[in-house]
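Structural overview for review
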Amino acid sequence: MTVFIASLFLPKTVHFNLPGARPRGASASQKPASKAKKLAPNTPPSLFQPAPSHITPPHTPTEDRKHHDPWTNEDGLKVQIPQMPFSPDGGYRAPIDRSSPTWGGRPDQPMSRANSPPPPSLINSSRALNQKAKEMGRQGITQPRSLVRSESHDRVFAHADWKIVSADQGNGGLRNAAVAAARDGKLGEYTWIGTLGMPTDALQGTQQLQDIDDRLATEHDMLTVFCSDKDFDGHYSHFCKQILWPVFHYQIPDNPKSKAYEDHSWKYYVNVNQAFADKIVKNWKKGDTVWIHDYHLLLVPGMIRKKIPEAKIGFFLHVAFPSSEVFRCLAVRKELLEGMLGANLIGFQIREYARHFLQTCSRILSVEATPDGLQLEDRFVDVINLPIGIDPVSLSRHRGENEVKRWLDIMRERYAGKKLIVARDKLDHVRGVRQKLLSYEMFLNMNPEWRDKVVLIQVALSTSEKSELDATVSDIVTRVNSSWANLAYQPVVYLKQDIDYAQYLALLSIADALMITSQREGMNLTSHEYLFCQDGKFSEKKHGSLILSEFTGTSSLFSGNELSVNPWDYRACADAIKKALEMDGDEKERRWKNLYEAVNVHTGSHWFSEFMLRLDKVYEEQHSRDQTAVPRLSMTTLLQQYERSKRRLFIIDFEGTLVSWGPVNQIIPVSPQRTLDVLNDLLLDERNTIYVMSGRRPEELDRIFRRVPNLGLIAESGCYLKDCGSNTWTEMADANKIRSWKSSLQDIMTYYLERTPGAAIEERRCSLVFHYKSADDYEAAATQASDLASHINDACEEQRVHAIPVDGSVLVEPIDWTKSTAAQKIFDDLQKRMGSDEKDKSPVDFLMVVGDGRDDEKVFKWANQMATDGSVQEVVTVSLGNRNTEAKATLTQGVSGVLAALQKLSQVVVPAEHQRRRSSIPSLGNITEIAPVDQKQPDKIRAMAKFPPPPVSTIDWSNVGFKVREVNGHIESSYSVKTGKWSPIKFVSDPYLRMHGMAPALNYGQQAYEGLKAFRLPGNDSIAIFRADKNASRMQHSAEFISIPPVPVDLFLDAVKAAVALNAEFVPPHETGAALYIRPQIFGSSAQLGLSPPEEYLFSVFVIPTGVYHGTHPVKALILEEFDRAAPNGTGSAKVGGNYAPVLRWSDKARKEGYDITLHLDSAKHEEVDEFSTSGFIGVLRGDGGEDDVTIVVPSSKAVIDSVTSDSIQEIGRSFGWKVEKRPIKYSELPNFSEVMAAGTAAALVPIRSITRRVKTSSPQSLASSTATQEHARVSFNKEAEEETVTYLPDSQEDAGNLCLKLLSQLKGIQLGKIEDKLGWRFAVTEEDGKKAEGAEKARADEGKGKEAQTVGQMD
């Protein structure tokens, strides 16, 4: 199989032979001296700066020139280089960080057709240029047109001879590593993928381009990526070099300052990455490996993953990766990270960079970061650090060449008696050349005895752009040399050019010290080459010192044997120079040997092969955990394993596995009877030991499973353990450590809590949870939560806690106590208690672990290891859901599948000697106290209580929100067409309905429903339902539309009252203002294939506690033009499901655009207001007759629902003495209203800030068509966006208008019992109401007998 190595530049490129051609841009000074120099013609005045005359253009190559050697470049240096012979062993005879020429700047390659954006300096000086242009215009000087690219130039290259040569740009360290790995037999078939490193637009459509592509593929195993010159220039010259490169090296670009510049180059970055991905996808075959390199191609892994989900993809970043604080400055940060996460394995040079990446992903993407990688929703991405190295074999061979020896002799003679400090850097701010020279100057100032004895040779690789740094460095060099130089001595030899390979190796061999002061760098391999050359084999000088910046990745490999320096600490750098020069031979040798050993261990070949081995390993692990690769649980095999075992241990997750409940901060309902029955049945066999694990508190689990004796429990994700049959809990965690880290985290979490309105902190015994799902601004809260998780993970690593982002919350828990550690403790205890004998070799011979969450994966891994070790003979690990997993089997049927599987196991015949008698299950009447972990504060459970019972204590009533919480049960009644009667209402404890799959409710949408609320009144000693009779009448109206027999009003009232009475403990406290939401529903429930009515209908009433839906914060509304909610003579006035589902996608789209509510106009002409998507429309007009001159206007339309809340508001308005009008409301009337509000059951009253309609101003429907509305103060137009807006409340106003507040205050006052109910709207709920439901008496009786109310399954 093939390994694809994708790097921006191929190791090969193409040179064209253009005989007789003069170098592009050559000046007169380049002509032979024998010819007379011609004077340059008069240059016409120009707005733009003249090209610098001091740049020496490159020479035109000829056929007999030797190949160029690539002097690689991870940072894209751009200077012309001396020519280097190509190494016969396939390596590259060049320093690892060799510079490269300007892209599109070679005379033997085509010019670029790309038109780059003007430099920032030109943009910033636009005012001066305009003035200059005006002055030239007054002088009568006309600017010449810009030169147009010559078509003859393109034709020359399209027909010129060409040859494939080694490229002088690209990643030389990578190339050398690949060659070395192949030479050592560690790499088989491999193919390079990259660009030619030259413009190719001139060759598009020619045979030349196809021939080049074919020859590189067939003769060199290289696939060429062709992209337009414009794309490559924007990608490489701009986004990579001016955006990514500085940011990755902690230099946030100041220039250009606008985001538009980044946007300009971003699209080209995407285009080039897509071209690479397309080329790889086109050539990929099953079993191939793709390895993508460096920051130029960050998006490619994700692009390939989308096309080939099963591909084996590795990615390695050769440069540094910054901290999250720096990386988050990128506008496209999420896109870049998500692109990288398309890989199976991501590699970095050192651990620091890997840690920065993990923290950045955790903070920006809110994904779980572990020491091994990142846990995404559907898969795991491994992250490693693996430093690249040099190829000692190739380097050793080149050091023995005659040219190197010649240069050694020259330098011995030239610098006899002198100590040499050498340095070779690109001349940019990142490399720290300025800091180095200033440190050297300070060294000479502080140590005059060394002034005539030491020379600093600084080779500076210039960039193609002039900078202030260039001039600054030159000034420092001049100052140092002018201070202490003489005829025989020059303290600084400054070469502003690169040197050939022989000089480079000679320089490294004869140096006394190498000085590297980079401010930030990935892996500086020059230091590796220097250490290798300091073995003394070719020079009398050996074991030279290495002065190395602590900010290079290399410094982490050398364990302090280098002289580590901070480049900004000039005095420390000067001291390091002194120490390097004066160090005694023994210390130098000791340090060098340690450094040399590190270089020999971390070679390029080792790096390449190790990464490939790790990629193969993690791919197999990830693939084995992929949900599609994990087989379904086989019941036949499971039964066989179960039957042949004698000592069985079950460890089963609770939430999402045994019950369908949500997160641990939600309500605990009454115990689910089917789950308890299955567990009790399994425990009838004394050979079965069962533990249930959960993140809930110990006392919560005690309450739920009090009717399952002999059951073991694991609470708070492994921090507490309760043995089977025990009444006490064992605290697994160290209480002192828990208190310690909780105390230290208190300030951190409080800091973020204060900045996240609506968030809450839940404190458990061994963990803390930061809940933000109900925050006022969810997006801002999610950002704060990510920052919190990152802060905790950064600051509290030593305290052995970590923060895990989960849905709507951040869980902070200890690392040392997990569900897996609890499982190991259980196994160890069983081993001690049961032991092993001749009959039973192990305390457990069957182990089954079932779970659905990410925290269960550790238990799966532990259990699988038990099987691998042979500790347990039969191990079954089962995961629910569709995420990747460590489990060896999956169950796609969810909770019902788990219960069904366990039920089948419990039905296996149990021999008499192994039957466990059913213990007498304690009733609530016998329980006076359940001992929690903290014995000082026992939880009292009262068996009897007056009605209504107090609200349950397991809900944070101050933060109820809109989470789905299970309650005691619901009410059902059915109608039979044969009898023509409704059955008596029944109480059902299951949260599910039982209905035939062919029921019209499921197939034809034969379904109607209502929504109303129940409230606790002042004192919390009574409960009332608001306007239940009105909802009963409206449900009858809706039922008639869909051919359902109407529910009698009395039956409706009895059902909703019973539902509330039997769930009274879930009605929120009065002071919260929250309510118990009531959802009556009616369905066509029996099987029916045709369009005739079915034989049976099901009426049900569900309840759920809910918080205050919206408050009084105004929202923006958008009129839906593309979708009509109801036909003029359709079902718009009925509350049926079909009227709401189609609008969901439109309202969701509007919400993303900033509109929290949508408004519908009439379907016929779009001229009149109908209603909001889920609420009634209310407009308020203010007259001139004082405060009470107010008119409430509501639409009169056959297509709107008769809103109960709207009707209540109208009645309240009349009680205030206001007028009420129910009439058609023209769209053109909207500006006349002083306030507009939306009325609905869930939201009560929502103030509308503004109403926007997307319509052209030229349309007759536009408000612009009338002068009166066009000039109205509330109306504004956005012609560019083709939309108009009527504004009622300014953006600065955070609360509703006065009229809305007055109406809402009165409405809430009546609902909550604070205001006298003169209209008879409140319907009291009593304990007797609950008794009307069949099963209610049985349910109450069962509370004392340890049984549950009737379930759907039992009713069958």
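The rules behind the values
Residues numbered from 1 in each chain as written. Predicted model: local features only at pLDDT ≥ 70, side-chain atom pairs only at ≥ 80, totals over all residues. Heavy atoms only, no water. Helix = DSSP H or I, 4+ residues; strand = E, 2+ residues; numbered from the N terminus. Contact = heavy atoms within 4.5 Å. Areas by Shrake-Rupley, 256 points an atom, 1.4 Å probe, with all protein chains shown as cover. Buried < 20%, exposed > 50% of the residue type's maximum accessible area, 1.4 Å probe, protein only. Pairing = 2+ DSSP bridges. Right-handed = clockwise from strand over helix to strand, strands pointing away. Axes fitted to C-alpha atoms, helices over the stretch in contact; angles between N-to-C directions. Parallel < 35°, antiparallel > 145°, perpendicular 65-115°, else oblique. Left-handed = near helix turned anticlockwise from the far one by under 90°. Nonpolar A, V, L, I, M, F, W, Y, C, P; charged D, E, K, R; others polar. Core = buried A, V, L, I, M, F, W, Y, C linked by side-chain atoms within 4.5 Å. Phe/Tyr/Trp six-rings, centres within 6.5 Å; stacked < 30°, edge-to-face > 60°. Salt bridge = Lys/Arg side-chain N within 4 Å of Asp/Glu carboxyl O. pLDDT = per-residue confidence, 0-100.

Further remarks concern the overall build of the protein. Along the protein, the regular secondary structure elements total 38 helices and 50 strands. The long-range fraction of contacts in the protein, counting pairs at least 24 apart against all pairs at least 6 apart in sequence, stands at 75%. Here the protein displays about 58600 Å² of accessible surface, and carbon together with sulfur accounts for 49% of that area.

Moving on to the side chain of Q534. Within the element layout of this structure, Q534 appears in the loop between α17 (525–533) and β16 (545–549). Relative accessible area serves as the criterion here: at 0%, Q534 is assigned to the buried category. Apart from the residues lying within four places of it in its own chain, the contact partners of Q534 are L508, S509, I510, A511, K541, K542, H543, G544 and W592.

Strand residues, when the strand is regular, have side chains that alternate between the two faces of the sheet. By the criterion of burial, strand β27 (residues 846–851) is predominantly enclosed, with 6 of the 6 residues buried. The alternating pattern of β27 places F846, M848 and V850 on one face and L847, V849 and G851 on the opposite face, and all of these are buried. Sheet analysis places strand β18 (residues 648–653) next to β27, joined by 5 bridges and oriented parallel. The residue bridging L649 from the neighbouring strand is L847, located in β27. Direction of pairing for β27 relative to strand β28 (residues 874–880): parallel, over a ladder of 6 bridges. Paired with V850 across the two strands is V878, which belongs to β28. A crossover links β27 with its parallel partner β28, the connecting element being helix α27 (residues 857–869), and its sense is right-handed.

A few words on the packing of α17 against helix α19 (residues 585–601). Contact geometry for α17 and α19: axes closest at 9 Å, N-to-C directions at 120°. Our classification of the angle between α17 and α19 gives oblique. For the crossing formed where α17 meets α19, the hand is left-handed. Residues H528, L531 and F532 of α17 form the contact with α19, whose participating residues are W592, L595, Y596, V599 and N600. Residues that form the contact of α17 with α19 fall into these classes: 6 nonpolar, 2 polar and no charged.

Our focus in this paragraph is the sheet that holds strand β24 (residues 768–771). Taken in spatial order, the 4 strands of this open sheet run β23-β24-β26-β25, and their pairing is antiparallel. The open sheet is flanked by β23 (760–763) and β25 (801–806), the only strands paired with a single partner. The average angle at which neighbouring strand axes cross in this sheet is 20°, direction not considered. Bridge count for β24 against strand β26 (residues 809–814) is 4 bridges, and the pairing is antiparallel.

F357, Y440 and F608 are the most contacted members of the largest nonpolar core, which has 175 residues in total. At 9 residues, helix α6 (residues 229–248) tops the list of elements feeding residues into this core. Those residues in contact with F608 that sit more than four places away from it in its chain are I5, L174, A177, A178, A181, L187 and W291. Ranked by size, the runner-up nonpolar core spans 89 residues in total, among them A785, F860, W862 and L891.

Moving on, we get to the packing of aromatic side chains. According to the stated counting rule, one finds 42 aromatic pairs in the structure shown. Relative to Y269, the ring of F239 lies with its centre 4.7 Å away and its plane at 45°, an arrangement referred to as tilted. Residue F239 is located in helix α6, and its partner Y269 is located in helix α7 (residues 259–283); the two are separated by 30 residues in the primary sequence. Like F239, the residue Y269 is buried in the burial classification. Both rings, one in F1026 and one in W1321, keep their centres 5.6 Å apart while their planes meet at 85°; by these two values the pair is edge-to-face. With F1026 in strand β37 (residues 1023–1026) and W1321 in the loop between α35 (1298–1311) and β50 (1322–1325), this residue pair connects regions lying 295 residues apart in the sequence. Neither F1026 nor W1321 differs from the other in exposure class; each is buried.

This part covers the pattern of salt bridges. The tally for this structure, following the rule as stated, stands at 58 salt bridges. Between E403 and R406 there is a salt bridge whose closest N-O contact spans 2.8 Å. Of this pair, E403 and R406 both sit in helix α13 (residues 402–414), 3 residues apart, roughly one helical turn. A relative accessible area of 32% places E403 in the partly exposed class. Given the relative accessible area of 40%, R406 is considered partly exposed.

The sheet built from 8 strands is open, its strands ordered β22-β21-β20-β19-β18-β27-β28-β29 with mixed pairing. Edge strands, defined here as strands with exactly one partner in the open sheet, are β22 (730–731) and β29 (889–891).

What follows is about the packing of helix α30 (residues 1028–1041) against helix α31 (residues 1049–1061). The interhelical angle for the contact between α30 and α31, taken along N-to-C directions, is 125°, at an axis separation of 9 Å. One finds that α30 runs oblique with respect to α31. Crossing handedness for the pair α30 and α31: right-handed. Contact residues: A1028, D1029, N1031, A1032, M1035 and Q1036 in α30; V1049, F1052, L1053 and V1056 in α31. For the contact of α30 with α31, a count of residues per class yields 7 nonpolar, 2 polar and 1 charged.

Glancing now at unusual backbone geometry. Its identity is not glycine, yet S1043 carries a phi of approximately 60°, on the positive side. Position of S1043 among the secondary structure elements: in the loop between α30 and α31. Its identity as a non-glycine residue notwithstanding, E1282 has a phi of 55°, on the positive side. Within the element layout of this structure, E1282 appears in the loop between β48 (1275–1278) and β49 (1283–1287).

Take S786: it is sitting in helix α25 (residues 778–795). Residue classification places S786 among the buried positions, given a relative accessible area of 5%. Beyond its immediate stretch of four places on either side in the chain, S786 contacts S362, R363 and S366.

This part is about the confidence of the model for the protein. Overall, the prediction assigns the protein a mean pLDDT of 83, with 84% of residues at 70 or greater. In this model residues 23–86 is a low-confidence stretch, pLDDT under 50, and it forms 166 contacts with partners more than four residues away in sequence or in other chains. Confidence over residues 667–671 falls short of pLDDT 50; this stretch has 24 contacts with residues more than four positions distant or in other chains.

A few words on the pairing of strand β12 (residues 419–426). Within β12, 7 of the 8 residues are buried, which leaves it mostly tucked inside the rest of the structure. With 8 bridges joining them, β12 and strand β13 (residues 454–461) adopt parallel strand pairing. Bridging across to β13, V422 finds its partner in I457. After leaving β12, the chain enters helix α14 (residues 433–446) and then returns to the sheet as β13, a path that is right-handed. With 2 bridges joining them, β12 and strand β15 (residues 513–516) adopt parallel strand pairing. Considered in β15, the bridge of I421 is made with A513.

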